[in-house]
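Working through the structure, step by step
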Amino acid sequence: MIIRNVNLETVCGITSMLPENTLPEIAFAGKSNVGKSSLINALINRKSYARISATPGKTQTINFYNINEEMYLVDLPGYGYAKVSEQEKVKWGQLIERYLHGSKQLQAVFLLIDIRHDPSANDKMMYDWIVAQGYYPIIIATKLDKIKRSQIDKQIKAIKTGLNLVPGTKIIPFSSVTKQGRDDIWDLVESEYLIEEEVEQTDEN
Ligand code: GTP
Ligand code: MG
């Protein structure tokens, strides 16, 4: 994908109306601090357009990034952030649910899992829940630069088993430091989820 322009077009909080977009949307879910905003920055070739933070709980809204007036990358709030009150957790959950359930343009959901750790109960819940909404999430195993090469296969297996992935589910190892995996993600998005509708040519005479 050649990135010509990026615009953070819509920011939705717990009380916001969600936009009724007409362009395809690709969403990124995952626990707080797993690297969703960093991944979006890597995909759009920017250092810090999507705000990132070492402190979990940075993205508390659903952020819609318009890419080339062609599509949206959608940054979802992270779950599993301990310091947030129960009440807030419920509200963010409802916001994410409202989006996944209600979006008419959502083409694919990527679920990010830290490659260093076995999936948590929250990750498993999120995975099952995305599947229940009718999507088959693609897994992105983040922070690839943080483990030794020799551990990659073992950790990928742990993710497969821990989430009990539907057979055939794609897992893409990724690092926002080395950008490894970036092109695989774009290739997949472009080949499977941005299939352009055939424009019918009509002769007007
Ligand atoms: P929330 O907005 O809180 O849900 O977090 P997030 O999932 O958007 O995570 P974010 O992109 O803000 O990254 C969290 C921290 O992890 C930051 O300090 C990033 O620099 C770091 N980080 C993200 N991806 C990578 C990666 O691939 N490798 C390494 N080494 N660090 C990463
Ligand atoms: Mg974020």
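Since we're looking at a predicted model, the values are computed, not measured.

**Observations concerning the site of ligand 1**
Ligand 1 sits among 22 residues. The nearest are Lys36, Ser38, Gly57, Thr59 and Asp145. In this structure, serine 38 approaches ligand 1 through a side-chain N or O atom, which is 2.6 Å from an oxygen atom. Between ligand 1 and serine 176 there is a distance of 2.8 Å, counted from an oxygen atom to a backbone nitrogen or oxygen. In a pocket analysis with a 2 Å cut-off to the grid points, ligand 1 is assigned to the largest pocket. When its residues are assigned to classes, the shell around ligand 1 shows five nonpolar, 11 polar and six charged.

**Thoughts on the pairing of strand E4 (residues 71-75)**
The buried count for E4 comes to five of five residues, which makes it a mostly enclosed element. Here E4 shows no split at all, with Met71, Leu73 and Asp75 on one side and Tyr72 and Val74 on the other all buried. Note that strand E2 (residues 25-30) and E4 share four bridges and pair parallel. Residue isoleucine 26 lies in a different strand from E4, and its bridge partner there is leucine 73. Here strand E3 (residues 62-67) runs beside E4; their pairing, made up of five bridges, is antiparallel. Residue pairing in the sheet places isoleucine 67 in a bridge with methionine 71 of E4. Between E3 and E4, which pair antiparallel and follow one another directly, the connecting turn spans three residues, one of which, asparagine 68, has a positive phi of 55°.

**Observations regarding the packing of helix H1 (residues 36-43) against helix H5 (residues 182-193)**
Contact pair H1 / H5: the axes reach a minimum separation of 10 Å and the direction vectors enclose 80°. Between H1 and H5, the angle is such that the two are roughly perpendicular. Judged by residue contacts, Leu39, Ala42 and Leu43 of H1 engage Arg182, Ile185 and Trp186 from H5.

**Quick notes on unusual backbone geometry**
With a phi angle near 55°, asparagine 68 is a residue other than glycine that sits in the positive phi range. Inspection of the secondary structure assignment puts asparagine 68 in the loop between E3 and E4. With a relative accessible area of 6%, asparagine 68 lands in the buried category. Look at asparagine 164: it is not a glycine, yet its phi comes out positive at around 50°.

**Here we look at the pattern of salt bridges**
It is possible for side chains of opposite charge to pair when their charged atoms get near one another. Counting across every chain of the model gives six salt bridges. Note that arginine 116 and aspartate 114 form a salt bridge whose closest N and O atoms lie 2.8 Å from each other. Judged by relative accessible area, which is 5%, aspartate 114 ranks as buried.

**Here we look at the sheet that holds strand E6 (residues 138-142)**
One open sheet accounts for seven strands, arranged E1-E3-E4-E2-E5-E6-E7; its pairing is mixed. This sheet does not close on itself; its edge strands, each paired only once, are strand E1 (6-12) and strand E7 (171-173). Within the sheet, the average angular offset between the axes of one strand and its neighbour, ignoring direction, is 25°. Where H5 meets the sheet, its contacts fall on E2, E4, strand E5 (106-114), E6 and E7, and the angle it forms with E5 comes to roughly 155°.

About the thresholds
Residues numbered from 1 in each chain as written. Chains lettered and ligands numbered in written order. Predicted model: local features only at pLDDT ≥ 70, side-chain atom pairs only at ≥ 80, totals over all residues. Heavy atoms only, no water. Near = heavy atom within 4 Å. Polar contact = N/O pair within 3.5 Å; in protein donor to acceptor, adjacent residues only side chain to side chain. 1 Å grid on protein atoms, 1.4 Å probe; cavity = no way out; pocket = protein on both sides within 12 Å on 5 of 7 lines; lining within 4 Å. Sits in = over half its atoms within 2 Å of the grid points. Nonpolar A, V, L, I, M, F, W, Y, C, P; charged D, E, K, R; others polar. Buried < 20%, exposed > 50% of the residue type's maximum accessible area, 1.4 Å probe, protein only. Helix = DSSP H or I, 4+ residues; strand = E, 2+ residues; numbered from the N terminus. Pairing = 2+ DSSP bridges. Axes fitted to C-alpha atoms, helices over the stretch in contact; angles between N-to-C directions. Parallel < 35°, antiparallel > 145°, perpendicular 65-115°, else oblique. Contact = heavy atoms within 4.5 Å. Salt bridge = Lys/Arg side-chain N within 4 Å of Asp/Glu carboxyl O.

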